[in-house]
Amino acid sequence: MSRSRGVRERVRAELTREIVELARRHLATEGAAGLSLRAVAREMGMASSAIYRYFPSKDDLLTTLIIEGYTALGRAVERADAGCDPADHGGRWRAACRAVRDWALAHPHEYALLYGSPVPGYRAPQDTVAPALRATLVFCRIVADAHRAGVLAAPPGAAAAEQGFPAAVAEDLERVRRQVMPGLPDEVIMRAMTAWSGVYGWVSFELFGQFNGVLEHRAAMFERAVAELGTLIGLPAPVGESAHDR
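Values in this document were obtained by computation on a predicted structure and should not be read as measured data.

Student: So what about the packing of helix α5 (residues 89-106) against helix α9 (residues 186-207)? Which residues, and what values?
Tutor: Contact geometry for α5 and α9: axes closest at 10 Å, N-to-C directions at 30°. Relative to α9, α5 is oriented roughly parallel. Where α5 crosses over α9, the handedness of that crossing is right-handed. Residues Trp93, Cys97, Val100, Arg101, Ala104 and Leu105 of α5 touch α9, and the partners they reach there are Ala195, Trp196, Val199, Tyr200, Val203, Glu206 and Leu207. Residue composition of the contact of α5 with α9, grouped by class: eleven nonpolar, no polar and two charged.

Shown next, in the form of structure tokens:
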């Protein structure tokens with residue numbers, strides 16, 4: 001590579017990063033639907049036509065923001081899980097759930113881009129799928145590890161559900177099994193999906209204001225909800241947690 005070409009590539013990378021960072025700030029003021037390439041170009045002092053050399057359309061910029069958001073969230077959840085004893089399945093579950101909430105509260109506008117209202121007219125490309133699965137795969141791994149270790153305990157009342165699912169439900173559970181939860185039985189997949197969607201439900205309710213005027217001690221309530229959802233899956237309590245703690 002020639003020196004001049006290397007300089008051009010570094011400059012392009014720096015400008016691309018500047019555009020993305022500025023667009024991320026615009027999310028906070030304009031929202032995803034109001035994001036404008038022209039507005040970003042104006043703030044950078046760049047001709048509006050020039051910015052299209054870096055991002056041919058607003059959708060391309062949104063895709064970059066979405067991929068980076070999912071990647072950052074996935075890394076946060078992966079780090080939380082990696083910091084736990086692999087055999088402490090209950091502790092890993094709680095750490096991963098806390099990581100989702102902590103990241104969302106620290107990056108509310110990026111979380112809203114990922115899990116809020118769809119952006120009108122935007123259709124996420126296939127490039128977003130793998131980053132979107134990073135956090136989910138951590139939750140799947142925790143449940144799969146607990147299942148292999150023989151420590152998952154079906155919650156009371158689960159026996160009736162385990163007798164079988166309607167055909168349509170069983171078909172979807174099989175799809176989930178193939179994609180992210182190989183080897184796990186239907187009832188475990190169903191409980192796991194219910195639990196981790198519950199985690200995101202709690203986080204979204206907190207972030208989008210549904211708890212305003214209702215819940216004052218949100219961190220404590222979230223911890224209790226995560227504990228209840230872990231019990232739904234059948235995960236043991238974290239290592240070192242006493243009955244009084246629960």
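Student: An account of the packing of aromatic side chains is needed here, citing residue identities and associated values.
Tutor: Applying the stated rule across the entire model yields seven aromatic pairs. With a centroid separation of 4.9 Å and 40° between ring planes, the pair formed by Tyr115 and Tyr200 is classed as tilted. With Tyr115 in helix α6 (residues 108-115) and Tyr200 in helix α9, the pair connects residues that are 85 residues apart, well separated along the chain. Tyr200 gets classed as buried once you look at its relative accessible area, which sits at 11%. Between Trp202 and Phe211, the aromatic rings sit 5.2 Å apart at their centres with planes inclined by 50°, giving tilted as the arrangement. Pairwise contacts between aromatic rings join Tyr70, Tyr111, Tyr115, Tyr200 and Phe208 into one cluster.

The rules behind these values
- Residues numbered from 1 in each chain as written.
- Predicted model: local features only at pLDDT ≥ 70, side-chain atom pairs only at ≥ 80, totals over all residues.
- Heavy atoms only, no water.
- Axes fitted to C-alpha atoms, helices over the stretch in contact; angles between N-to-C directions.
- Helix = DSSP H or I, 4+ residues; strand = E, 2+ residues; numbered from the N terminus.
- Parallel < 35°, antiparallel > 145°, perpendicular 65-115°, else oblique.
- Left-handed = near helix turned anticlockwise from the far one by under 90°.
- Contact = heavy atoms within 4.5 Å.
- Nonpolar A, V, L, I, M, F, W, Y, C, P; charged D, E, K, R; others polar.
- Phe/Tyr/Trp six-rings, centres within 6.5 Å; stacked < 30°, edge-to-face > 60°.
- Buried < 20%, exposed > 50% of the residue type's maximum accessible area, 1.4 Å probe, protein only.

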